[in-house]
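A closer look at the structure
Chain residues, written in single-letter form:
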Amino acid sequence: MLFILIGRQIDANEQHGVANGINGGIGNIPYTNRNPVITLVDNVSWMKGTHALKFGVYFERMRKDEVGGGNTRGAFTFDRNTNNPFDSNYAFSNALLGNFNSYSEANLRTYSHYRYLQTEFYAQDSWRASRKLTLEFGLRFYSSPATHDDRQFLTTFIPSTYSAQTAAVMYRPGLDPTTKKRVAVDPRNGNIAPITYIGLFVPGSGNYAPGMAIGGKGAPEGLYTTPFSVAPRFGFAYDPQGNGKMAIRGGFGLFYDRPQGNVYSGTVGQPPVSYNPTVSFGNLDTFLQATGVVGPPGVTVVESAEQSLPKTMNFSFGIQRELGFRSVIDVSYIGSLARHLIIQRNINSIPMYAQFDPANVDSTTGSPLPDNYLRPYLGMGAINMRTFDGTSNYHGMQMSVNRRMTNGLQFGASYTWSKSLGVSNADFGGVSMYFPTRQYNYGPLGYDIRHMVSLNYNYEIPNLGKKFDNKFLGVVTDNWQISGITTFMTGTPFTPGFSTSDGQNITGSQESARINVLSDPSLPASERTFDRNFKTEAFGRPAQRTFGNAGVNIMRNPSWSNWDMSFSKRIPIMSEQRYFQLRGEFYNIWNHTQFNGYNTTARFDATGKQINAAFGQLSGTRDPRKVQLSLRFMF
C-alpha cells in the first residue's frame, strides 16, 4: 500500500494530533433530558379579632430522566509514542494504518431516573397587639429528602467500608531486563506490560473501586439523609408616637433549602457502576478482541451521612423616620448567616511533603512516584467529597434617604457599609486538603463590596414654552425629563498569586503554596500610578516545604464610579393621549476609563527576585460609553 503525503516537510520529532471522528466532541448522544415537576400549593387565611392567621402547605414532586455517564462511543488517539511498537513516526500515517496509541470506551451508558418529594407546611400569626405595635410569629416545617435515582446509578465513597487488602494491584514502574527500557511491572510476579500501564490495575488482581457504594445498595438511596426541619420566624413593627411619622422594625427568620441538583454532578455512572477501560498500542483490525485496563478512579462523591439542610438565618433592625419635605430616612442593620453549605475537599490527597520523601522516588526516573501510589486510600484516585459544613456571613449597615416626586423632582440616595465572609464563593468550592477550613479558607468572599453609594434622580424640566406662552419655545424646551443612576463602590477583594521561573516543587504536596506577605502592601493614594498601585516589594517567594503565609482576599481591586443617564422628550400629537417619545439612554455617559483589576501575579526567579515588570499595574477596564436611542409612538 502506498501513501503520498503532500505538504510541508515534517520534523521527525513533531507531534500531530488527529481529530477523533468517533467521539468528535458531540456529547453523549442520543441525549435525553425530561424534567416534569408537579406542584401543589394551598393557603388559608383567617381573621380572628386582632389576629390575622395564615396556614399553608406545599408539595413538590420532581421527576427527571437524564442520560449521563461516560463515552460509550469510544475514543481513539493516534499520537506519536516512541514506546508504541507500531508507531509509524507520524500521527496521520498511524491513523491510515489503523495503529492507535490508545482506545478507551465506557462500558455502560447510564439513563438515570431522579425523584424526590418535597413537603412543607407553615402557620403564621400577624397580631396587632396595639395601635402602635404589630407582632409577627411563624413556623415553617420541612421534609426534604435527598434526590434518589430509581435506576441506582448514584455512587459514593464510604471510608468505613474501604479495605486496602481487597484493592486491585497497580502496575509499578520498572525496567525490562532485556531491553533496559522503562516498562510497567506486575509487582506480584514481575510480568511486564506496556509503559502506559504504569499506575493502572493488573487485570483480575482485586477490587477496582474499594470503598465505593451505590445509592440503594450499601448507601442510602440519595447517598445521604436529612432530618425533619423546623424554621421559626419572628418580626415586629412599632410606631413610638402612633402618628405614622416613625417606625421601628426588626425580625429574625430561619430558612432551609434543598441542595441544588448539581450536588450529584459527577456521582452518576462512576465505578463500580461503570468503568472506562483503555487499550494501548493496538490496531483497528484487532482492538475488539483486546482487553482494556483501568486505573484508580478519581471520583466525586457526597458524604454518606445524615446532613442538615443548608440554612440561612436572616435578621434585621431598622428605624424609618419622615423628615418632612416628602422625604424619608431609613437606617438599618442587616445580617445573614448561612450554615451547612456544600463545599468540596479531596479526602484522598497524598500526605503533606510526600513528594520529598526519598522512599517515594521512582527508581527508573529519579522523580517522585505518581500520586496514586502515595494516597492513603490505595486503589483510589482523588476522592472529591462534598460535605455540608461550609459557612458564610453577611453584615451590613444600610442607610437611605428618598424624596417622593414633588414639583417635578424625585431623588434617592443610599449608602451600604458591609462585609461578606465565608469559606467559598459558591457551592462545591474547594477547600484545603491539609489545613482546617475555618483557619485557611475563611475570609472576604470574592463578591464582597465594603462600601457602596448609589444616587437615583428623576427631574422634569420646567416647561418654559408654557410659562412664557410661547409655542415655538415650547417645541424646544417643553416635556423634557432627565433621570439617572450614579454609583460609587469599592473594589472586590483578591490575593496575589505567583509563579516561578525555575518550576521548583515548593510544597511537595497536592496543594500549591500561597505567596509570602513580608509587610503591609498598601500604598497611599498620592503615590499610586498606572504602573504601581501597591507595594510589590511587600511580597516574596515562599521557601521550599512551606505553604506561604498570605490570607484569603487580603487586597482590593480598584474602586470605581459610574454614571448612567437618560434624556427623554414627550412630543404630543393633537392631544395628550397621543404622542411621540424621543429617548436617549447613556451608560457610562462621561466615558471615563474604569479600571477593574491589577496584574496580580508575581514571578520569582531561583534567587527569590520578583521579575514580572507588570506586577501591580492596572489591568482591564469596564465597558466604555454605550448609547441607545429610541423613538416611540404612544396612543
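Scroll up for the structure.
Residues numbered from 1 in each chain as written. Predicted model: local features only at pLDDT ≥ 70, side-chain atom pairs only at ≥ 80, totals over all residues. Heavy atoms only, no water.

For the rest of this paragraph, the subject is unusual backbone geometry. With an omega dihedral of 5 degrees, the bond running from P271 to P272 counts as a cis peptide bond. The residue P272 is located in the loop between β16 (246–256) and β17 (278–283) in this model. Backbone geometry at Y353 places phi at a positive 65 degrees, although glycine is not the residue there. Within the element layout of this structure, Y353 appears in the loop between β20 (327–346) and β21 (383–406). At N588, a position not held by glycine, the phi torsion is positive, near 55 degrees. Within the secondary structure, N588 sits in the loop between β33 (575–587) and β34 (601–604). (Helix = DSSP H or I, 4+ residues; strand = E, 2+ residues; numbered from the N terminus.)

Before going further, it helps to spend a moment on a nonpolar patch on the surface. On the surface, a nonpolar cluster with roughly 660 Å² of combined accessible area is contributed by L40, V57, F59, L117, F121, L139, F228 and V230. Secondary-structure assignment places F59 in strand β3 (residues 51–67). (Patch = residues over 30% accessible without salt bridge, like charges linked within 9 Å, V, L, I, M, F, W, Y side chains within 5 Å. Areas by Shrake-Rupley, 256 points an atom, 1.4 Å probe, with all protein chains shown as cover. Salt bridge = Lys/Arg side-chain N within 4 Å of Asp/Glu carboxyl O.)

The next subject is the environment of P624. Topologically, P624 is positioned in the loop between β34 and β35 (626–634). In this structure the C-alpha to C-alpha distance between P624 and G222, which are 402 residues apart in sequence, comes to 49 Å. Every residue in contact with P624, bar those within four places of it in the chain, is listed here: Y587, N588 and N591. (Contact = heavy atoms within 4.5 Å.)

In this section: the sheet that holds β17. The strand order β4-β5-β17 describes an open sheet built from 3 strands, whose pairing is antiparallel. Because the sheet does not close on itself, it has two edges, and the strands there are β4 (75–77) and β17. The mean angle between the axes of side-by-side strands here comes to 30 degrees, regardless of whether they run parallel or antiparallel. Where strand β5 (residues 99–104) lies against β17, 5 bridges are found, and the strand directions are antiparallel. Paired with S102 across the two strands is S280, which belongs to β17. (Pairing = 2+ DSSP bridges. Axes fitted to C-alpha atoms, helices over the stretch in contact; angles between N-to-C directions.)

Below, the discussion takes up the sheet that holds strand β12 (residues 192–193). One open sheet holds the 3 strands; their spatial order is β10-β11-β12, and the pairing between them is antiparallel. Whereas interior strands pair on both sides, the edge strands pair on one side only; in this sheet they are β10 (172–175) and β12. The sheet contact formed by strand β11 (residues 182–185) and β12 spans 2 bridges and is antiparallel. Each bridged residue has a counterpart across the sheet, and for V185 the counterpart in β12 is I192.

This part covers the environment of V67. Note that V67 resides in strand β3. Exposure remark for V67: the relative accessible area of 6% places this residue in the buried category. Taking the C-alpha atoms as reference, V67 lies 5.9 Å from Y31; in sequence the two are 36 residues apart. (Buried < 20%, exposed > 50% of the residue type's maximum accessible area, 1.4 Å probe, protein only.)

So, about the packing of aromatic side chains. Within a pair of aromatic rings, the relevant descriptors are the distance that separates the centres and the angle that separates the planes. Taken as a whole, this structure holds 35 aromatic pairs when the rule is applied. Clustering of aromatic rings is evident, with ring pairs tying together Y353, Y434, F435, Y440 and F547. Lying across the ring of Y442, R438 places its NZ or CZ 3.8 Å from the centre. One cation-aromatic arrangement involves R622 over W560; the distance from NZ or CZ to the ring centre is 4.2 Å. (Phe/Tyr/Trp six-rings, centres within 6.5 Å; stacked < 30°, edge-to-face > 60°. Lys NZ or Arg CZ within 6 Å of the ring centre and 35° of its normal.)

Another aspect to go through is the pattern of salt bridges. On inspection of all chains with the given rule, the structure shows 15 salt bridges. Salt-bridge contacts for R541 lead to D502; the nearest nitrogen and oxygen are separated by 2.9 Å. Linking R541 in the loop between β30 (539–540) and β31 (555–556) with D502 in the loop between β28 (497–500) and β29 (516–517), this pair joins segments that are 39 residues apart in sequence. The exposure class assigned to R541 is buried, which follows from its relative accessible area of 15%. Its relative accessible area of 38% is what places D502 among the partly exposed residues. A salt bridge links D623 to K626; the nearest nitrogen and oxygen atoms lie 3.4 Å apart. The network of salt bridges with common partners includes R34, D65, R115 and D150.

It is worth spelling out the nonpolar core at this point. Counting 32 residues, the largest nonpolar core has F157, Y197, M212, V301, M380 and I383 as its most contacted members. Listed by contribution, the elements that provide at least two residues to this core are β18 (299–302) and β21. Apart from the residues within four sequence positions on either side, M212 is in contact with T155, T156, F157, Q270, P271, P272, V299, V301 and M380. (Core = buried A, V, L, I, M, F, W, Y, C linked by side-chain atoms within 4.5 Å.)

On to the side chain of D605, then. Residue placement: D605 occurs in the loop between β34 and β35. Of the side chains bearing the opposite charge, R541 lies closest to the buried D605, which forms no salt bridge; the N-O distance is 5.8 Å. A polar atom in the side chain of D605 sits 2.9 Å from the backbone nitrogen of K609. (Lys, Arg positive; Asp, Glu negative; His and termini not counted. Polar contact = N/O pair within 3.5 Å; in protein donor to acceptor, adjacent residues only side chain to side chain.)

Before going further, it helps to examine the side chain of E511. Structurally, E511 is set in the loop between β28 and β29. It turns out E511 is buried and unbridged, and the closest side chain with the opposite charge, R514, is 6.3 Å from it. Among the polar contacts made by the side chain of E511, one reaches the side chain of S432 at a distance of 3.0 Å. Once residues lying within four places of it in the same chain are set aside, the contact partners of E511 are S432, M433, Y434, F435, Y440 and F547.

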